[in-house]
Structures are given as C-alpha cells and as structure tokens.
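For reference, the chains in residue letters:
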Amino acid sequence: MNKFKIFNDPLYGFITIPDGIIFDLIEHKYFQRLRRISQTGLTQYVYPGCTHSRFLHALGCLNLMQKAVQALRLKNVEISPEEEQAVYIAILLHDIGHGPFSHTLERTIVKDVSHEQISLQLMHYLNAETGGRLNLAIEIFTGKYPRYFLNELIASQLDIDRLDYLKRDSFFSGVAEGNINSDRIISMLNVHENRLVIDEKGIYSVEKFLISRMFMYWQVYMHKTSLAAEIYLTQAFRRAQELAQNGEKLPATPALEYFLSRQKKDDFDFNDINAFVDLDDNDILFALKQWQNQEDEILSILAKSIIQRKLPKAEIYNQEIPKEEIEKRVQLCEKLLGAGSSSYFVHDTEMSVTPYNKESHPILLLNKKKQCMDIAESPKQILTQPLYLKTVKHHFCSWNQEKLLRLKKK
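Residues numbered from 1 in each chain as written. Predicted model: local features only at pLDDT ≥ 70, side-chain atom pairs only at ≥ 80, totals over all residues. Heavy atoms only, no water.

Undergrad: Whenever I open this one, the overall build of the chain confuses me. Can you help?
TA: Each helix and strand counted, the chain has 19 helices and nine strands in total. Along the longest, intermediate and shortest principal axes, the C-alpha atoms of the chain span 70 × 50 × 40 Å. Looking at the chain as a whole, 56% of its 410 residues are labelled buried. Taking as baseline every contact in the chain between residues at least 6 positions apart, the subset at least 24 positions apart corresponds to 70%. On the chain, the mean spot of the 51 positive side-chain charges and the mean spot of the 52 negative ones are 5 Å from each other. (Helix = DSSP H or I, 4+ residues; strand = E, 2+ residues; numbered from the N terminus. Buried < 20%, exposed > 50% of the residue type's maximum accessible area, 1.4 Å probe, protein only. Contact = heavy atoms within 4.5 Å. Lys, Arg positive; Asp, Glu negative; His and termini not counted. Charge placed at Lys NZ, Arg CZ, Asp CG, Glu CD.)

In structure tokens:
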C-alpha cells in the first residue's frame, strides 16, 4: 500500500505524510475519532464557520512541524532521522486525548484528568501496538528527552500547536484579528544552548502572534454567548450524571452511559480509556436531543437551550457582579424551578488572559552575537511588556423570567 498520501488543507494546501508509521497512526481508530471532535467547542453558535475538527488541526500541526524541522536544519541544527520521526509523531498525537467538544467538557466527563494525561495514556497503548516505535516520541512529548528544544516545539509559549490553532481558528471563524504569519515565525526559529529561540529580527512577528492570541481569546474563545452555551452544556452533563447516579435511566449511547454512571475514582483505568475512545461530539448531541423530553425539568431546559440555541442573556464586566444582582436572579430561578435550581442556570465566572507569561517557557530572542534575551526585556520590543499583565473580567449569565417560562412550556 502507498502510505505517502496527501491531504488538501484549506489553510496550507497539500499536506504530505512523511513516514509510513505516520500513515498507520492517522488510520488508527483513536486518531480517526478526532474527525468527530470539534476544535472550538460550541464557538460555532456565534461563528457558524467554526465547525473544523481536531483531526484537521493535528494534520496542520504535522505540516508546520515539517517546516520547522526543515528551517532548523537550514541553520545547522542537527536533527537525526529518528528524532525527526519522533517529533512528527509527538505533534500528530498531542491532542489525541481530547474528549467531546474539546475543552468544553474537559474535567467534566472525567474529573481531575486532563486531555494531556489521556493523550499520553493513548500514546502508550499505541506504542505497545507498534512494538515500541513510539518510545522516543513519548520521551519528547513528556520533556524527558535531553534535547529539550524538541519538546518546546510541541509545548511552549511559541509552539507549533499555537501556530496552527490561531491561524486555523481565525480562518474558520472569519476573525481576521487572529491571523498570524506562521511561515515567518517558523523561518525565524533557532536553537541556542538546547533551547528553542527566535532570531532577533523576528521580534515583530512574535509580538503580532501574542497580540493575535489575546484578541482570539476575548473575541472568540471567551465570547460571551458561546461561553454561556458551554457553561450550560457542562451543567446538562452534571445534571444527567446526578440523575443517573441516583438510579434514573437516561437515553444515552453505551459510552456516554458509562461516564454518567461512573463514580469518581483516583485512577483512569483500562475500562475508562476503552469507553472514552468511543465518545465523541455525536454521543453528546444524541443525548441532548433526547433529554429535551425528559421529565426532569432542569435537564430538559438545559438540553433545549443547547439544541435549540435558546441561550441565556450573558454579559462580560470588568468588575465583580454585585451580590444583590446575583441574588435577584437566584431567587427568580428558584421561584420558577424550585430550590437548588439556580446552581444550574445562574453563573458568575471569572475569566483571565495573560498573553505572555514571563515565568513559563519565556520567548528568547537570539541576537547576532549569539546572546539571548527575554522578548519582554528587549529594547526593540514595542508591545510585549503590557502583554504579560493579566486581564481579568467577569462573565455573568442567567435567564430572565420571560425566556425561562417560554422554555418551560415547550
């Protein structure tokens, strides 16, 4: 079989498969599941074009990693064929552990377990299936490989993951403020003393990257309406889980039923992982469509609000919401739906974004004298310093009486 296929990506054009094992991993059911995992949760409720998948993102990352390896080799950075294959595998599989709707239901379906932890567990299973051919990729992914810059290509403040998702999410959402020049940034990559750095002349492309990331968070990822939808989705799962664990039989696929009934435990074992890889967006949507007609009024309203896009009023404020305003909404909700119902429908959520964290994986500029400097300290920087200040806002969503009564009657 010819394993050197090509994919036609709307962002980059043709993406090539550089290695036979990459083809085998893409063909595996664990990876094919990513076709059915939304890249941006419920952002499509605001930006209808945001229907792209984790599958497409992973392929885009593979493409950019190939460009990064080529760019580093042109600067005499030695990367062996074994390291090249391993870093391709690591970036291809870095998001394989995402669950339905990506970050939206993370730590909700499976509490206290991140998608990175699940990705690593799945990589270990794939490693066993392939007779240990992922050993080096796992070392790089976990940061245990001595050539640390390879890990920074996968997980840092200027990694291949971010270079793809910002450009991709900007493209599919239509939000031009998020567009970045990933090719320019990759061409500026270098390695100094085993660290991934940027040639100093690339400073403004990096600053544009940091600014674009900030705009994408506030304009897309934390949009007040899509965030309200995602909050209600997590509350629908929470309510369904409470009902299931109290013995109520709810319509659900076998994989979803497993996690609705699953009691909290310390480990994520073989049975958990087998059920998890059968879960995707379709399981959740199927259940929500059925739950619209449940006798339990809280679950029914939550399901209707998501499926029919009948979302609560949401606002974002610079200050904390006055307690009396929250209490007024709580009392209204509990008057209409009963005691305790407000915890599902009235939400005050603190949000924060720090575009550049100086303390974690600083972005280092390399000058012509082979000296490194944090981008925030560079005399050439224009906008980086304000970008390492945290911005905090408050998201508040709840129903008004008219909309709540309308959903109760449907």
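Now that the structure has been shown, the text picks up again.
Undergrad: Quick question: what am I supposed to make of the packing of aromatic side chains here?
TA: By convention here, two paired aromatic rings are described through the distance between centres and the angle between planes. One pass over the full model with this rule turns up eleven aromatic pairs. Judged by centre distance (5.0 Å) and plane angle (90°), the ring pair of Phe-171 and Phe-172 falls under edge-to-face. Judged by its relative accessible area of 46%, Phe-171 is partly exposed. Consider the rings of Tyr-232 and Trp-399, whose centres lie 6.0 Å apart with planes at 50°: the pair is tilted. Taken together, the residues span a long stretch of sequence, with Tyr-232 in helix α11 (residues 224-245) and Trp-399 in the loop between β9 (391-398) and α19 (401-409) at a distance of 167 residues. Like Tyr-232, the residue Trp-399 is buried in the burial classification. Grouping aromatic residues by their ring pairs yields a cluster made of Tyr-258, Phe-259, Phe-268 and Phe-276. Between the NZ or CZ atom of Lys-358 and the centre of the ring of Tyr-388, over which it lies, the distance is 4.7 Å. (Phe/Tyr/Trp six-rings, centres within 6.5 Å; stacked < 30°, edge-to-face > 60°. Lys NZ or Arg CZ within 6 Å of the ring centre and 35° of its normal.)

Undergrad: Sorry, what's going on with a nonpolar patch on the surface here?
TA: Side chains of Tyr-204, Ile-382 and Leu-383 sit close together on the surface and give an oily, nonpolar patch of about 310 Å² of accessible area. Within the secondary structure layout, Ile-382 lies in the loop between β8 (372-374) and α18 (384-387). (Patch = residues over 30% accessible without salt bridge, like charges linked within 9 Å, V, L, I, M, F, W, Y side chains within 5 Å. Areas by Shrake-Rupley, 256 points an atom, 1.4 Å probe, with all protein chains shown as cover. Salt bridge = Lys/Arg side-chain N within 4 Å of Asp/Glu carboxyl O.)

Undergrad: Explanation requested: the pairing of strand β4 (residues 195-199) in the structure shown.
TA: Each regular strand shows side chains that alternate between the opposite faces of the sheet. In terms of burial, β4 is largely enclosed, as four of its five residues are buried. In this sheet, β4 lies alongside strand β3 (residues 189-192) in antiparallel orientation, the contact comprising four bridges. Within β4, the position partnered with Leu-189 by the bridge is Ile-198. Between β3 and β4, which pair antiparallel one after the other, the connecting turn spans two residues, and Glu-193 there sits at a positive phi close to 50°. Strand direction decides the pairing type here: β4 and strand β7 (residues 364-366), joined by two bridges, are parallel. Across the sheet, the residue bridging to Ile-198 is Leu-365, located in β7. (Pairing = 2+ DSSP bridges.)

Undergrad: Sorry if this is basic, but what is going on with unusual backbone geometry here?
TA: As a rule of thumb, non-glycine residues mostly have phi less than zero, and peptide bonds are mostly trans rather than cis. Although it is not a glycine, Asn-194 adopts a positive phi angle of roughly 70°. Assessed through its relative accessible area of 28%, Asn-194 is described here as partly exposed.

Undergrad: Sorry, what's going on with the sheet that holds β9 here?
TA: Working definition: the strands of a sheet are paired by backbone hydrogen bonds and lie parallel or antiparallel to each other. Pairing is antiparallel in the open sheet, where three strands are placed in the order β5-β9-β6. Looking at the sheet topology across the chains shown, the edges are occupied by β5 (313-317) and β6 (347-353). Pairwise comparison of adjacent strand axes, ignoring direction, gives a mean angle of 20° for this sheet. Bridge count between β6 and β9: seven bridges; the pairing is antiparallel. Its bridge partner being in β9, Asp-348 is matched across the sheet by Phe-396. (Axes fitted to C-alpha atoms, helices over the stretch in contact; angles between N-to-C directions.)

Undergrad: Please explain the side chain of Gln-157 as it appears in this structure.
TA: Note that Gln-157 resides in the loop between α7 (149-152) and α8 (160-173). Among the residues examined, Gln-157 registers a relative accessible area of 6% and is labelled buried. Looking at Gln-157, its side chain comes within polar contact range of the main-chain oxygen of Asn-357, at 2.4 Å. Reaching out from Gln-157, the side chain makes a polar contact with the backbone oxygen of His-361 at a distance of 3.3 Å. Beyond its immediate stretch of four places on either side in the chain, Gln-157 contacts Arg-162, Phe-209, Pro-355, Tyr-356, Asn-357, Lys-358, Ser-360, His-361, Pro-362 and Ile-363. (Polar contact = N/O pair within 3.5 Å; in protein donor to acceptor, adjacent residues only side chain to side chain.)

Undergrad: Honestly, the pattern of salt bridges in this entry has me stumped. Any pointers?
TA: Side chains that differ in sign of charge can pair as their charged atoms come close. Applying the stated criterion to the full structure yields 21 salt bridges. Here Glu-242 ties to Arg-239 by a salt bridge, and the two come within 3.7 Å at their closest N and O atoms. Taken as a pair, Glu-242 and Arg-239 lie in helix α11 at a separation of three residues, close to a single helical turn. Residue Arg-239 is classed as buried on the basis of its relative accessible area, which comes to 17%. Each of Arg-238, Arg-239, Glu-242 and Asp-296 takes part in one network of salt bridges that share partners.

Undergrad: Even after reading the chapter, I still don't get helix α16 (residues 323-337), so can you show me in this structure?
TA: Structural remark: α-helix, 3.6 residues per turn; residues separated by three or four positions point the same way. Given a rise of 1.5 Å per residue, 15 residues ought to cover 21 Å, and the 21 Å separating the end C-alpha atoms of α16 matches this to within 8%. Within the sequence span of α16, burial applies to Val-330, Leu-332, Cys-333, Leu-336 and Leu-337. For α16, the buried positions fall inside an angular range of 165° around the axis, keeping them on one side. Exposed and oriented more than 90 degrees from the buried face of α16 are Lys-323, Glu-324, Lys-328, Gln-331 and Lys-335. Phi for Gly-338, located one or two positions after α16, is positive at around 100°. (Expected span 1.5 Å × (residues − 1). Arc of directions from axis to C-beta.)

Undergrad: Any chance you could explain the layout of surface pockets here in plain terms?
TA: The method is simple in principle: a probe with the dimensions of a water molecule rolls over the atoms, and the space it marks as empty is what remains. Here the largest pocket defines a volume of roughly 1100 Å³. As for the largest pocket, its lining consists of 40 residues, of which Arg-54, His-103, His-115, Tyr-165 and Tyr-217 are closest to the centre. Sorting the residues of the lining of the largest pocket by element identifies α3 (54-74), α5 (115-129), α8, α10 (203-221), α11 and β6 as the ones contributing at least two each. Classifying every residue of the lining of the largest pocket gives eleven nonpolar, 19 polar and ten charged. Approximately 240 Å³ is the volume found for the second largest pocket. In terms of lining, the second largest pocket is formed by Asn-190, Asp-199, Glu-200, Lys-201, Ile-203, Tyr-204, Leu-366, Asn-367, Lys-368, Lys-370 and Lys-380. (1 Å grid on protein atoms, 1.4 Å probe; cavity = no way out; pocket = protein on both sides within 12 Å on 5 of 7 lines; lining within 4 Å. Points joined across faces, edges and corners; volume = space filled by probe spheres on them. Nonpolar A, V, L, I, M, F, W, Y, C, P; charged D, E, K, R; others polar.)

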